[in-house]
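# Understanding the architecture of this molecule
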Amino acid sequence: MPRPLEAKHGAKFQRLHDAGAVLHGVLEALRRLPDLGDPYEDERQALTAIATDIPAAGVRDAARARALRYIDAVRTADTALLSAQNLLNSFPLATPEGIALLRLAEALLRAPDAETQTWLIAEKLAHFRDTRIGLDGNFVTRVLATALKIAGHTAADAELQDAGGDRGSLRAWLAKSALRPLVIDGIRRFGDQFVFATNLPDAMARVKRRPDSRVTYSFDMLGEGARTRADADRSYTSYVDALESLKSALKQDSQDWTAHDGISVKLSAIHPRFETAQIERCERELYPRLVELAELARSANVNLTVDAEESERLVLHIAIFERLMRESSLGDWPGLGLAIQSYQPRALHTVSHLLQVSEELRRPIAVRLVKGAYWDAEIKRAQELGMSGFPVFTRKWATDISFLTVARRLLSHPAPVYPQFATHNALTVASILEFAREFSSQSDGRRYEFQRLHGMGDPLYDALLADQPDVRVRVYAPVGEFRDLLAYLVRRLLENGANTSFVHQITDSSVPSELLVRDVHEQARSYLASDAPPSALPTGRQLFVERRNSRGIDLQYAPSLLTMAETVTRSAQVAATSLISGHIGGSWRVDVRNPARLGDIVGSVVESTSHDAGRAVEAASASMQGWDALGVEARAAIVNRIADTWEAAHDELAALIVREAGRTMLDAHLEVREAIDFCRYYAALGGAQMKVEPLPGPAGESNELRLAGRGVFVCISPWNFPLAIFGGQIAAALVAGNSVVAKPAEQTPLIAFRAVQLMFDAGVPRDVLQLVLGRGDTVGKSLTSDPRVAGVAFTGSTATARAINRALAARDSPIGVLIAETGGQNAMIVDSSALPEQVTDAVVSSAFRCLRERV
């Protein structure tokens, strides 16, 4: 590192040195994470491993018979007329009416002003104008459906009147009518079906009226996914207050923690950066808070369960919990618990790992086994990432068989574990009872409990408590204000309102009871014997019909993050020059430094002159006709090979983007993906739009409509997208039959140089694509004013685009084409009903991701 530079930027170099030490600490922490397997493992392989533990036929038959009795009890039970289940059954989420109600529940009470509420209600009521939904339900839902239908007609008529010129009639009608306050009250009551109490004192008062002494509660303080430290502080304080209240409310004569109410804690609620890439901060900042909460729970002798979250957090989740198991201050306290989701193919491996640690330490733990509540988000994320599989099962029965297999492992293993089975499925409940009986001798009559959500599954568990006098049931009870309910409420509605949900089907008398107790082990056997695809849904690689999607990497998966980080630190220097039909211009070589770490020399570059730019245009002009004559199919095939070549060199290109452009690893990976997608997209588009079309003509004559290239295109790209925009411009021009002179931003010549080398390897003729490295005010100006240039593709500032436009217009030649993307500013319209977390995620995560990713 040069001394003068260090002297000039001493403070900055010290910070960069500190950042390097942090990176080293992060990598070492990542290497210590437990190996729970590939989150995107082939679903068929995962099921093959799970389906080996098949209960005896007699056990399965007994479970089905018991489940049928419970289903009959549920269907004959009296339910609240305005219960959440009745509403979900009457207005299914697969219908426009159900979606309209879900959207009202999601946004209405967050709208701060009456006018926004009025328009939102009017918009959603339109779905009920011609509805038949809900008219076959109970008395209350029939009345509700009829009222909504009448209101929908009235709102639609008022809206038509608005369209006719009488502005404000719809708003005025709703404002005067009793509909708006009724809808708001109805939505609030609907949300109240899922909230136990708005604050802990009210919750403790309600607990005193518990319907059965065998029923206990696990309080969940609403509010998750902290975005700021202030959010995390508020959540942490709410957990502390809850534990203090539980301690003061407990009777001291009972030492059995399983008979006490407990608490559930979300790690994302007490730290805004609970993610794999921030493992060093989680260990330093989040873990001490969790220890304090666990110590409070131990002093109160109540169960503290670390709640499950999204799959990308699982390994970090387990690592933190395993460290908590070894915490000396917690000793052998048995109330420490963790939730595990059976819809993840890694569930069995995860539980086996926990049981092994528990047995080695002789450390009792509680394990809450749940089906999982983030399925839709998990599917969407995997597809967006371009992954070849999913971190969750895509078949409902696969989730069920995973739950049963893990349950058998928990009930039969000798480790000191207290299983907590959270389910609303009658067959799952019945199966666990039979499994417990089966393993009673080898597990010394292991104790366990069932769990359910507040507001869901009441009739099923009433039947269970009547049938099993010794059973224990714990209710997951959310506590908080309605404004904090949203994320939880939408998950519950999607989870339990889906047509395939057992909760939805058990109260639907049109669904035969026998269908609800189908043997999932037989379903697995049938699937494994078939040639059905591993996933029931298209993966990220299969999303597009016309082209193959780019391969994704999940950088929340520690091995992938480690590989990327090590590639960045070990990447070699690049010596770049212009590539002008074999001619190398210029002589002055300068170093290229990493803008994020000035002491890191990424490589060097020889910049070209205006004379070199003219030679490049001359070579490209001479090759254009032959390239155009090659035909669009051949050109598209070469551009597709570029995509394949870049994909094979992904790590090298991403590392170069990180070092030369100062981008984060996630941004660099996404940019390589975008560049690959550009190539395949333009290849597919060009093949479809430029194919030869026969035209009618005189007999015996063949006429064709053939689109041709325009000539030489100059492609000028910006520094902030040094591969995606650079490669996208070139790919589009090449597919269309043009030859190209590429001029990348002067700040990022190395990425362009390496990308063009790979394009040559993929089959692009060296005289068709010319690379000119240099400054905009020299080679850039020379290229855009050259009369042989047919067009310019430019992305950058508006001022530069105007200068290029003037240069093209001033030439004594045919008018050139200018394709310019300038400004780089996007507008976002946010109304008062928007969820602030979604808005901040959209803005902060996309525009300032560097603040969210230190490594």
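Residues numbered from 1 in each chain as written. Predicted model: local features only at pLDDT ≥ 70, side-chain atom pairs only at ≥ 80, totals over all residues. Heavy atoms only, no water.

To continue, consider the overall build of the chain. Along the chain, the regular secondary structure elements total 34 helices and 18 strands. Considering the chain as a whole, with its 855 residues, one finds that 54% of them fall into the buried category. Considering only residue pairs separated by 6 or more positions, the chain has 79% of its internal contacts joining residues 24 or more positions apart. Carbon and sulfur atoms make up 53% of the accessible area of the chain, which amounts to about 37,100 Å² in all. (Helix = DSSP H or I, 4+ residues; strand = E, 2+ residues; numbered from the N terminus. Buried < 20%, exposed > 50% of the residue type's maximum accessible area, 1.4 Å probe, protein only. Contact = heavy atoms within 4.5 Å. Areas by Shrake-Rupley, 256 points an atom, 1.4 Å probe, with all protein chains shown as cover.)

With that out of the way, let us pick up the environment of Leu104. One can find Leu104 in helix 6 (residues 96-107). When the C-alpha atoms of Leu104 and Leu120 are compared, they prove to be 7.6 Å apart, with 16 residues separating the residues in sequence.

Pairing within the open sheet is parallel, and its 5 strands lie in the order 16-15-14-17-18. Of all the strands in the sheet, just strand 16 (769-771) and strand 18 (817-822) have a single pairing partner and so form its edges. Each neighbouring strand pair of the sheet contributes to a mean axis angle of 15 degrees, computed without reference to strand direction. Bridging between strand 17 (residues 789-796) and strand 18 involves 6 bridges; their strand directions are parallel. Directly across from Gly791, in strand 18, lies its bridge partner Val817. (Pairing = 2+ DSSP bridges. Axes fitted to C-alpha atoms, helices over the stretch in contact; angles between N-to-C directions.)

This paragraph deals with the sheet that holds strand 10 (residues 589-594). In spatial order, the strands read 9-11-10; together these 3 strands make up an open sheet with mixed pairing. Here the strands that pair on one side only, and so sit at the sheet edges, are strand 9 (574-576) and strand 10. For this sheet, the mean inter-axis angle between neighbouring strands, taken without regard to orientation, is 35 degrees. Bridge count between strand 10 and strand 11 (residues 597-606): 6 bridges; the pairing is antiparallel. Following the sheet pairing, Arg589 is matched in strand 11 by Val606. Against the sheet, helix 31 (residues 749-761) makes contact with strand 9, strand 10 and strand 11, and its axis sits at roughly 85 degrees relative to strand 9, the strand it touches most.

Our focus in this paragraph is the packing of aromatic side chains. The full count for this structure, using the stated rule, is 12 aromatic pairs. Ring geometry for Trp257 versus Tyr418: centroids 5.1 Å apart, planes at 75 degrees, classification edge-to-face. Taken together, the residues span a long stretch of sequence, with Trp257 in the loop between helix 12 (229-249) and strand 2 (262-265) and Tyr418 in strand 6 (residues 417-422) at a distance of 161 residues. Of the two residues, Trp257 and Tyr418, neither departs from the other in class, the shared state being buried. (Phe/Tyr/Trp six-rings, centres within 6.5 Å; stacked < 30°, edge-to-face > 60°.)

With that settled, consider the packing of helix 27 (residues 632-648) against helix 30 (residues 724-735). Contact geometry for helix 27 and helix 30: axes closest at 9 Å, N-to-C directions at 160 degrees. Here helix 30 runs roughly antiparallel to helix 27, going by the angle between their axes. On helix 30, the residues that touch Val632, Arg635, Val639 and Trp646 of helix 27 are Gly727, Ala731, Leu734 and Val735. In terms of residue class, the contact of helix 27 with helix 30 is built from 6 nonpolar, 1 polar and 1 charged. (Parallel < 35°, antiparallel > 145°, perpendicular 65-115°, else oblique. Nonpolar A, V, L, I, M, F, W, Y, C, P; charged D, E, K, R; others polar.)

Over its 12 residues, helix 30 runs 16 Å from end to end, which matches the ideal 16 Å to within 8%, given 1.5 Å per residue. Of all 12 residues making up helix 30, 11 are buried, and the element is well covered by its neighbours. Those residues of helix 30 lying buried are Ala724, Ile725, Phe726, Gly727, Gly728, Gln729, Ile730, Ala731, Ala733, Leu734 and Val735. (Expected span 1.5 Å × (residues − 1).)

Right, let's get into the pairing of strand 8 (residues 473-479). Of all the 7 residues making up strand 8, 7 are buried; the element is thus mostly covered by neighbouring parts of the structure. Residue alternation in strand 8 divides its side chains into two sets, Val473, Val475, Ala477 and Val479 and Arg474, Tyr476 and Pro478, and both sets are buried. Note: strand 1 (residues 215-221) against strand 8, 7 bridges, orientation parallel. When the bridges of strand 8 are listed, Val215 appears paired with Val473. The sheet contact formed by strand 7 (residues 449-453) and strand 8 spans 4 bridges and is parallel. Pairing of Arg452 across the sheet is with Val475, part of strand 8. Remark: the strand 7/helix 20 (residues 458-467)/strand 8 crossover connection has right-handed handedness. (Right-handed = clockwise from strand over helix to strand, strands pointing away.)

Before going further, it helps to examine the pattern of salt bridges. Overall, the coordinates contain 49 salt bridges when judged by the stated rule. Across the salt bridge formed by Arg60 and Glu522, the nearest N and O atoms sit 3.4 Å from each other. Separated by 462 residues along the polypeptide, Arg60 in helix 4 (residues 57-76) and Glu522 in helix 24 (residues 520-529) bring together distant segments of the chain. A residue is classified by how much of its surface remains accessible, and Arg60, at 14% relative accessible area, is buried. According to the relative accessible area criterion, Glu522 is partly exposed, its value standing at 33%. Between Arg788 and Asp786 there is a salt bridge whose closest N-O contact spans 2.9 Å. What you see here is one network of salt bridges that share partners, running through Arg60, Asp61, Arg64, Asp519, Glu522 and Arg525. (Salt bridge = Lys/Arg side-chain N within 4 Å of Asp/Glu carboxyl O.)

What follows is about the pairing of strand 1. Within strand 1, 7 of the 7 residues are buried, which leaves the element mostly enclosed by the surrounding structure. Burial of the side chains of strand 1 extends over both faces: Val215, Tyr217, Phe219 and Met221 are buried on one face and Thr216, Ser218 and Asp220 on the other. Bridge count for strand 1 against strand 2 is 3 bridges, and the pairing is parallel. Along strand 2, the bridge assignment pairs Ser218 with Gly262.

The next point concerns the packing of helix 18 (residues 396-412) against helix 19 (residues 426-438). Helix-helix packing is described using two parameters, namely the angle between the two axes and the distance between the axes. Where helix 18 contacts helix 19, the two axes come as close as 10 Å, and the packing angle between them is 30 degrees. As judged from the angle between their axes, helix 18 and helix 19 are roughly parallel. As for the relative orientation of helix 18 and helix 19, their crossing is right-handed in sense. Mapping the contact onto sequence places Phe403, Leu404, Ala407, Arg408 and Leu411 in helix 18 and Thr428, Ser431, Ile432, Phe435, Ala436 and Glu438 in helix 19. (Left-handed = near helix turned anticlockwise from the far one by under 90°.)

In terms of nonpolar packing, the biggest core is built from 181 residues, with Phe219, Leu304, Phe421, Phe450 and Trp646 touching the most fellow members. With 10 residues, the top contributor of residues to this core is helix 14 (residues 279-300). Sequence-distant contacts of Phe219, that is, excluding residues within four places in its chain, are made with Phe196, Leu200, Ala203, Met204, Val207, Leu246, Asp261, Gly262, Ile263, Ser264, Ala477 and Val479. (Core = buried A, V, L, I, M, F, W, Y, C linked by side-chain atoms within 4.5 Å.)

Moving on, we come to the side chain of Thr350. By secondary structure assignment, the location of Thr350 is in helix 16 (residues 347-361). Dropping the residues within four chain positions of it, Thr350 is found in contact with Leu36, Leu314, Ile318 and Ile340.

What follows is about unusual backbone geometry. The phi angle at Asn301 is positive, at roughly 60 degrees, despite the residue not being glycine. Mapped onto the fold, Asn301 is located in the loop between helix 14 and strand 3 (304-306). With relative accessibility at 18%, the residue Asn301 sits in the buried group. Notably, Arg362 is not glycine yet its phi reads approximately 55 degrees, a positive angle. Inspection of the secondary structure assignment puts Arg362 in the loop between helix 16 and strand 5 (365-370). Under the relative-accessibility criterion, Arg362 is labelled exposed at 72%.

The subject of this paragraph is helix 32 (residues 776-784). Regarding helix 32, the residues found buried are Val779, Gly780, Leu783 and Thr784. Projected down its long axis, helix 32 shows its buried positions confined to an angular sector of 130 degrees, all on one face. Facing away from the buried surface of helix 32 by more than 90 degrees, the exposed residues are Asp777 and Lys781. In this structure, the buried side of helix 32 is in contact with helix 26 (610-629), strand 14 (712-716), strand 15 (739-743), strand 17 and helix 33 (798-809). (Arc of directions from axis to C-beta.)

What follows deals with the confidence of the model for the chain. Of all residues in the chain, 81% have pLDDT values of 70 or greater, and the mean over the chain is 84. Within the model, the stretch residues 163-168 combines pLDDT values under 50 with 3 contacts to residues more than four positions away or in other chains. Taken together, the stretch residues 850-855 has pLDDT below 50 and engages in 20 contacts with residues farther than four places along the chain or on a different chain. (pLDDT = per-residue confidence, 0-100.)

A few words on the environment of Ser608. In this fold, Ser608 is placed in the loop between strand 11 and helix 26. The residues contacting Ser608, other than those within four sequence positions of it, are Ser578, Ile580, Val772, Leu773, Gly774 and Val779.

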